[in-house]
Amino acid sequence: MTTRRTWTAVPGLAALVAGALALSAYSGASSSQGRGPEQPIAFPHPVHVQKLGMNCLYCHNAANKSPDPGLPAVSTCMGCHTIIGPQRPASDVGPARTSAELQKLQRYADLAGGGRNARPIPWERIHKVPDYVNFPHMRHVNAGVTCQACHGDIQNMNRVYQYASLNMGWCVRCHINGYDPREGTRLATAADPTAARAVSQQGISGGLQDTGAGRQSATAAQPATAARQAPAAQTPPASGAPSPTTGTIAAPPQGTGQTSTRRYARYDCANCHY
Ligand code: HEC
Ligand code: HEC
Ligand code: HEC
Ligand code: HEC
Ligand code: HEC
């Protein structure tokens with residue numbers, strides 16, 4: 001749809017949106033915003049993203065390809081955790097310890113039994129829109145909307161929670177007002193201002209301690225480098241290269257003919273409802 005046609009449709013749409021305002025869907029009365037369930041393994045995003053510098057797409061490699069990305073398979077973890085096992089020497093990630101979480105991981109992968117009885121990790125899904133909503137996840141990622149614009153500062157979350165309401169008003173507001181890349185980038189690069197507090201509040205059961213600004217540990221240097229490069233190779237050239245530490249797509253989208261930095265999208269009912 002051209003910009004002009006979009007704008008001539010505004011009065012009619014405004015009336016419809018005003019009607020929809022009354023709906024619980026718009027107001028988010030039933031939203032599960034803020035929900036952060038306990039996971040079968042207390043997986044620490046900050047360790048992998050901030051300390052090891054891994055790209056989001058290394059583990060969420062369908063986020064820019066699929067309408068619904070899914071969660072990482074055990075084999076994605078075992079590329080490293082076959083070697084990086086439960087016996088953890090002291091490092092900037094924590095004191096010397098036996099990691100109960102990595103013991104669980106190796107049990108799911110059936111490392112002891114050679115992997116024949118490997119089971120998928122029953123991650124509890126957090127973000128979900130109803131089935132009657134058309135949400136093409138990859139369109140957003142490929143348009144340069146940072147993960148953090150919708151999911152918050154995941155890189156600082158020791159336990160992931162639902163940052164946005166995901167209700168209709170949330171979707172429509174961004175489509176009408178436009179996505180502000182500066183805000184997306186700000187969230188994507190945000191350091192955790194409350195690192196120490198967040199760790200103690202969220203009570204990571206693996207005994208994880210955040211000792212502040214850490215550097216990449218020697219054991220992980222190799223795989224972390226691969227992590228940065230693999231997704232870049234898969235990304236179509238038009239959407240730019242993901243930045244190494246955040247996995248966000250920094251390059252501005254090209255060929256839209258739009259001089260404005262904001263990115264707008266359709267907000268007619270049929271765009272999001274089949
Ligand atoms: C425009 C907002 C938006 C952006 C940008 C976005 N997501 Fe999502 N994400 C969502 C919504 C909404 C859902 C729920 C989708 C559904 O139910 O179909 C979701 C779901 C997910 C899921 C859960 C999928 C599942 O099957 O359990 C993962 C993982 C995820 N996103 C990761 C990412 C990553 C990584 C990025 C950046 C590369 C990203 N998202 C960018 C909005 C977004
Ligand atoms: C690129 C390599 C790599 C990949 C892939 C990877 N990890 Fe890690 N992970 C590490 C390193 C390195 C550490 C820090 C280990 C230490 O404490 O010395 C770590 C730490 C952890 C910890 C914290 C352990 C503790 O008690 O402190 C958990 C839990 C964990 N990883 C689970 C996973 C899961 C689940 C996956 C797959 C979704 C995964 N990891 C994928 C390298 C990786
Ligand atoms: C080492 C692998 C790994 C990396 C790297 C990683 N994640 Fe995850 N992510 C996971 C795992 C495992 C889960 C499921 C457990 C959990 O929720 O903590 C998850 C869960 C999520 C969810 C919630 C999915 C749901 O159920 O709705 C989002 C959103 C997400 N990640 C976004 C990101 C973003 C954004 C980045 C980059 C800043 C990133 N992840 C980097 C492994 C990873
Ligand atoms: C942070 C801003 C933002 C949020 C939040 C957002 N979107 Fe979008 N959406 C965009 C942008 C930008 C595009 C344009 C992508 C492009 O040009 O390819 C888009 C494109 C789309 C498209 C494809 C449009 C087309 O022209 O075919 C659909 C469908 C869509 N969004 C649905 C949703 C739904 C449903 C939600 C809420 C669950 C949502 N979006 C939340 C920014 C957002
Ligand atoms: C940008 C995407 C988007 C657009 C455009 C959109 N919707 Fe929705 N709509 C959603 C999402 C997401 C939900 C689910 C909200 C939730 O789970 O709370 C929803 C839910 C609904 C519901 C279900 C309410 C309920 O409580 O069960 C109705 C009815 C609805 N929309 C009507 C409309 C109408 C009419 C229009 C056109 C004016 C419209 N929608 C335009 C994204 C959109």
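Residues numbered from 1 in each chain as written. Chains lettered and ligands numbered in written order. Predicted model: local features only at pLDDT ≥ 70, side-chain atom pairs only at ≥ 80, totals over all residues.

Asks: How should the overall build of the chain be read in this particular structure?
Replies: Secondary structure summary: the chain contains 14 helices and two strands in total. Here the chain holds 274 residues, and 24% of them are scored as buried. For the chain, the share of sequence-separated contacts (at least 6 apart) that also reach a separation of at least 24 residues comes to 75%. (Helix = DSSP H or I, 4+ residues; strand = E, 2+ residues; numbered from the N terminus. Buried ≥ 20, exposed ≤ 12 C-beta atoms within 10 Å, placed from the backbone. Contact = placed C-beta atoms within 7 Å.)

Asks: Please explain the environment of G178 as it appears in this structure.
Replies: In this structure, G178 sits in the loop between α10 (168–177) and α11 (181–188). For G178, a count of 15 C-beta atoms within 10 Å puts it in the partly exposed group. Linking G178 and Y264, residues 86 residues apart in sequence, is a C-alpha distance of 4.3 Å. If sequence neighbours within four positions are ignored, G178 has contacts with R262, R263 and Y264.

Asks: Honestly, the site of ligand 1 in this entry has me stumped. Any pointers?
Replies: Lining the immediate environment of ligand 1, one finds 23 residues, of which H60, H127, H140, C147 and C150 sit closest. Looking at the shell around ligand 1, the elements that each hand over two or more residues are α5 (56–59), α8 (137–142) and α9 (147–151). Looking at which element gives the most residues to the shell around ligand 1, the answer is α9, with four residues. (Near = placed C-beta within 6 Å.)

Asks: Mind showing me how you'd approach α11 here?
Replies: One full turn of an α-helix is made of 3.6 residues, so residues set three or four places apart face in the same direction. Of all the residues in α11, the buried ones are P181, G184, L187 and A188. Down the axis of α11, the buried side of the element spans an arc of 125 degrees, and every buried residue falls inside it. In the core, the buried residues of α11 are packed alongside α9. (Arc of directions from axis to C-beta.)

Asks: Mind showing me how you'd approach the environment of D180 here?
Replies: Residue position: D180 is located in the loop between α10 and α11. Sequence-wise, D180 and V145 are 35 residues apart; in three dimensions their C-alpha atoms are separated by 8.6 Å.

Asks: Any chance you could explain unusual backbone geometry here in plain terms?
Replies: The phi angle of most residues is negative, glycine excepted, and most peptide bonds adopt the trans form. In this model, D110 sits at a positive phi of 50 degrees, which is unusual for a non-glycine residue. On the secondary structure map, D110 appears in the loop between α7 (100–108) and α8. Exposure remark for D110: the 14 C-beta atoms within 10 Å place this residue in the partly exposed category.

Asks: I'm lost on the nonpolar core in this one. Help?
Replies: In terms of nonpolar packing, the biggest core is built from 23 residues, with V145 and A149 touching the most fellow members. For this core, the elements supplying multiple residues, two or more each, are α4 (45–51), α5, α9, α10 and α11. Setting aside residues no more than four positions away along its own chain, A149 makes contact with Y179, E183, G184 and L187. (Core = buried A, V, L, I, M, F, W, Y, C linked by C-beta atoms within 7 Å.)

Asks: Looking at this structure, I do not really get the packing of helix α6 (residues 74–81) against α7. What am I missing?
Replies: Helices that pack against each other are described as a pair by the angle of their axes relative to one another and the distance between those axes. At their nearest, the axes of α6 and α7 sit 10 Å apart, and the two run at 120 degrees to each other. Comparing their axes, α7 and α6 come out oblique. The element α6 and its partner α7 pack so that their crossing is left-handed. Between α6 and α7, the contacting residues are V74, C77 and H81 on the first element and L102, L105, Q106 and Y108 on the second. For the contact of α6 with α7, the class distribution of residues is five nonpolar, two polar and no charged. (Axes fitted to C-alpha atoms, helices over the stretch in contact; angles between N-to-C directions. Parallel < 35°, antiparallel > 145°, perpendicular 65-115°, else oblique. Left-handed = near helix turned anticlockwise from the far one by under 90°. Nonpolar A, V, L, I, M, F, W, Y, C, P; charged D, E, K, R; others polar.)

By themselves, these are just geometric observations and shouldn't be taken as functional.
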